Amino acid sequence: MSKPKVLVTRMIQQENIDRLREHFDVEINPDDRAYTKDELKQKVAGKDAVLSMLTDTIDGEVLDAAGPQCKIVANFAVGYNNFDVAAATQRGVILTNTPGVLDDATATHTITLMLSMARRIVEADKFVRAGKWGSWAPLFFMGLDVDGRTLGLAGAGRIGKNVARKATAFGMKILYTDVKPDPDFEKSVGARFVDKATLLAESDYVTLHVPLLPETRHWIGEKELAAMKPTAVLINAARGPVVDEKALARALKDKVIWGAALDVFENEPAVEPALLDLDNVILAPHIASATPETRMNMGRIAVGNIVKVLSGEAPDTCVNPAVLKS
């Protein structure tokens, strides 16, 4: 009897590949790049499962190319804005993600971006490497203070709360906005629930932790940037389209805000060209979860979901649970 067939669209840790191969006939993308849409449609054909990346658009067209035997697409990510959830649900395909295991890594990365931007670390590193450093000077590379300043969280889910806990080590005052207040969170870190306008006006650092939804697309735009302090820093390690990159580039160039640090972008891997020439922004290539333990655990969840679904069981995580009821 032939084994079920699984496509892995990018290479992941070998331990997780080995686990898949214990059960299935596995095909892995041999190239260190994302498949094109046409390549993806060709590769998914005849597969019982797909282990996908956030860079893979899984829509009705791709699912139709996979065929009716495809039971699950397991995303190697907590986000799933690359999924057409309605199309998959209509076709009875289970969609899964990897929540929880990357909270620490993403929160730490957010704090790293905040500190690096505040103290101009990337800019200073480039200066030294270029051989421009002559001597120490008292007004040299003046940055911003972090200790005791105000951190504004746009979204207080698992990652946002994790960032807040880490920020308390610097004695930061915590503001947050979300769909509703969380009294337990407020008590644990001394946070204060505010509306969006107050968050932007009072925060020295604004970190974004909202999911990508129609109502959060360009959650930060020209109006919001103008409402922030001229000494404020914006950090986005959530989803690229949450920020209007063109508006951000103009605000940074015109010193409307002091700086920004981005780990995600509107049209990855493309970056708004106007950002590339600015010194007051850090640009990182979507690496918030890039630690060995985190990526291993992401793979374990994705692989585990595939093993369970192809064995006739429910997955541990599912983003379209209606399929499980049908």
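Preceding this paragraph is the structure being described.
The text that follows walks through the structure, step by step, so that each part is easy to find. (Residues numbered from 1 in each chain as written. Predicted model: local features only at pLDDT ≥ 70, side-chain atom pairs only at ≥ 80, totals over all residues. Heavy atoms only, no water.)

Quick word on the sheet that holds strand β8 (residues 192-193)
- Pairing is parallel across the open sheet formed by seven strands, whose spatial order is β8-β7-β6-β9-β10-β11-β12. Looking along the sheet, the strands with just one partner apiece sit at the ends: β8 and β12 (281-283).
- Here four bridges tie strand β10 (residues 233-236) to strand β11 (residues 259-262), and the two strands are oriented parallel to one another. Residue Leu 234 lies in a different strand from β11, and its bridge partner there is Ala 260.
- The strands touched by helix α7 (residues 158-167) are β6 (150-154), β7 (173-177) and β9 (205-208); relative to β6, the strand with the most contacts, the crossing angle is about 170°. (Pairing = 2+ DSSP bridges. Helix = DSSP H or I, 4+ residues; strand = E, 2+ residues; numbered from the N terminus. Contact = heavy atoms within 4.5 Å. Axes fitted to C-alpha atoms, helices over the stretch in contact; angles between N-to-C directions.)

Some remarks on the sheet that holds strand β3 (residues 49-52)
- Taken in spatial order, the five strands line up as β2-β1-β3-β4-β5 in an open sheet, and their pairing is parallel. Strand pairing shows two members of the sheet lacking a second neighbour, β2 (25-28) and β5 (94-96), which therefore form its edges. Averaged over all pairs of adjacent strands, the angle between strand axes in this sheet comes to 15°, irrespective of strand direction.
- Examined bridge by bridge, strand β4 (residues 72-75) and β5 share three bridges and lie parallel to one another. Opposite Ala 74, over in β5, you have Thr 96 as the bridge partner.
- Lying on the sheet, helix α1 (residues 14-23) is in contact with β1 (5-8), β2 and β3; it crosses β2 at an angle near 145°.
- Across the face of the sheet, helix α13 (residues 292-310) comes into contact with β1, β3, β4 and β5 while running at roughly 165° to β4.

What about a nonpolar patch on the surface?
- There is a patch of nonpolar side chains on the surface, built from Val 128, Trp 133 and Phe 140 and spanning about 300 Å² of accessible area.
- Within the element layout of this structure, Phe 140 appears in the loop between α6 (121-129) and β6. (Patch = residues over 30% accessible without salt bridge, like charges linked within 9 Å, V, L, I, M, F, W, Y side chains within 5 Å. Areas by Shrake-Rupley, 256 points an atom, 1.4 Å probe, with all protein chains shown as cover. Salt bridge = Lys/Arg side-chain N within 4 Å of Asp/Glu carboxyl O.)

Considering the side chain of Lys 47
- Within the secondary structure layout, Lys 47 lies in the loop between α2 (37-44) and β3.
- According to the relative accessible area criterion, Lys 47 is buried, its value standing at 9%.
- In this view, Lys 47 contacts Lys 5, Val 6, Leu 7, Glu 27, Ala 66, Gln 69 and Cys 70; residues no more than four positions away in its chain are not counted. (Buried < 20%, exposed > 50% of the residue type's maximum accessible area, 1.4 Å probe, protein only.)

Structural measurements only, silent on function.
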